[in-house]
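Survey of secondary and tertiary structure
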Amino acid sequence: MGIINITDNSYYAASRHLSEDGSVDVAAAERDIARMLQEGADIIDLGACSTRPGAPAVGADEEWRRLEPVLSMIAEKFPDIAVSVDTYWASVVEKAYGVLGNRLIVNDVYAGARDPQMLPVVGRLGLDYIAMHNCGETTAKGIYPDGVVQGVIDFFRDFEKKAQACGIARWVVDPGFGFSKTVEENWELLRGMRALKEAFPERELLVGISRKSMIYKPLGITPEEALPATCEAHLLAIAQGADILRVHDVAPAVELIPR
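Residues numbered from 1 in each chain as written. Predicted model: local features only at pLDDT ≥ 70, side-chain atom pairs only at ≥ 80, totals over all residues. Heavy atoms only, no water.

Some details on the pattern of salt bridges
On inspection of all chains with the given rule, the structure shows 14 salt bridges. Put simply, D158 and K162 hold a salt bridge, and the shortest N to O gap is 3.4 Å. Placement of both D158 and K162 in helix α5 (residues 148–165) is noted, with a separation of four residues, approximately one turn of the helix. Of the residues examined, K162 reaches a relative accessible area of 42% and is grouped as partly exposed. (Salt bridge = Lys/Arg side-chain N within 4 Å of Asp/Glu carboxyl O. Helix = DSSP H or I, 4+ residues; strand = E, 2+ residues; numbered from the N terminus. Buried < 20%, exposed > 50% of the residue type's maximum accessible area, 1.4 Å probe, protein only.)

Comments concerning the nonpolar core
The biggest cluster of nonpolar side chains holds 70 residues, and the ones touching the most others in it are I74 and Y129. Setting aside chain neighbours within four positions, we find I74 in contact with I33, L46, P79, I81, V83, L100 and R103. Grouped together as the second largest cluster of nonpolar side chains are seven residues, I105, I130, V172 and I244 included. (Core = buried A, V, L, I, M, F, W, Y, C linked by side-chain atoms within 4.5 Å. Contact = heavy atoms within 4.5 Å.)

Regarding the sheet that holds strand β5 (residues 128–132)
Strand order in this open sheet of six strands is β1-β2-β3-β4-β5-β6, and the pairing throughout is parallel. Looking at strand neighbours, the two that pair on one side only are β1 (2–5) and β6 (171–174), the edges of this open sheet. Each strand axis lies, on average, 25° off the axis of its neighbour in the sheet, ignoring direction. Pairing analysis gives four bridges linking β5 to β6, with the strands arranged parallel. Each residue of the ladder has a partner; that of Y129, found in β6, is W171. (Pairing = 2+ DSSP bridges. Axes fitted to C-alpha atoms, helices over the stretch in contact; angles between N-to-C directions.)

Section: α5
Over its 18 residues, α5 extends 26 Å from the first C-alpha to the last, a length consistent with the 26 Å expected when each residue adds 1.5 Å. Buried residues of α5: V148, V149, V152, I153, F156, F159 and A163, and no others. The buried residues of α5 occupy an angular sector of 130° when projected down its axis, which confines them to one face. Seen from the open side of α5, the exposed residues pointing more than 90 degrees away from its buried face are K161 and A165. Contacts made by the buried residues of α5 are with α4 (118–125), β5, β6, α6 (183–191) and α7 (193–199). (Expected span 1.5 Å × (residues − 1). Arc of directions from axis to C-beta.)

See below:
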């Protein structure tokens, strides 16, 4: 899954496709999507609001203003690719569905908790859904009396009931690396992720750790310097059962996948 951020404040600057004046750089997005697909991306992930912990929300209307020109370009230039939209607004999902139809995947960092209409809308439209673990707000501290791995498993057991109640048949587990977890808890979760895979054997497991602070902070480097360490972490994720890697750098990630 290749990351295209239609933002001006995502933590990895090279992923941004929004100019300082607020205009969307559609040409750059088209160029980067084409490159990622050539390098082996299976899914393109579009985000119009930075979801790094502490980043300000921009609202559903602004998200759609940023997304609409890129989605229209994709509909014209890349009519067959799978596209996930990183949003927690049901209204954005409905509008994106109007452009992309059933090839839309919803990628929600709040797992339906922010917008009460999200899960019913996804179920009604019959879309694939990525549910990410966190503990409320992106800056909220998690408390895990039985350990972070068990805490994440318990979260998704509860989510499973909500998804079933809303008619969501196809959903993906995202453990939420970097959200509601300390650096140490992130690594504990990554090393113990096989238990999460075993708890939900019918679900795909998505890992989003590319250039994140759990990687670069312990090393005293920047996100721009974190590609080699990211690749090492991706190898561990694959060994622990990851099905989808959400990445900024598609070609190096593809090279890690066993053939």
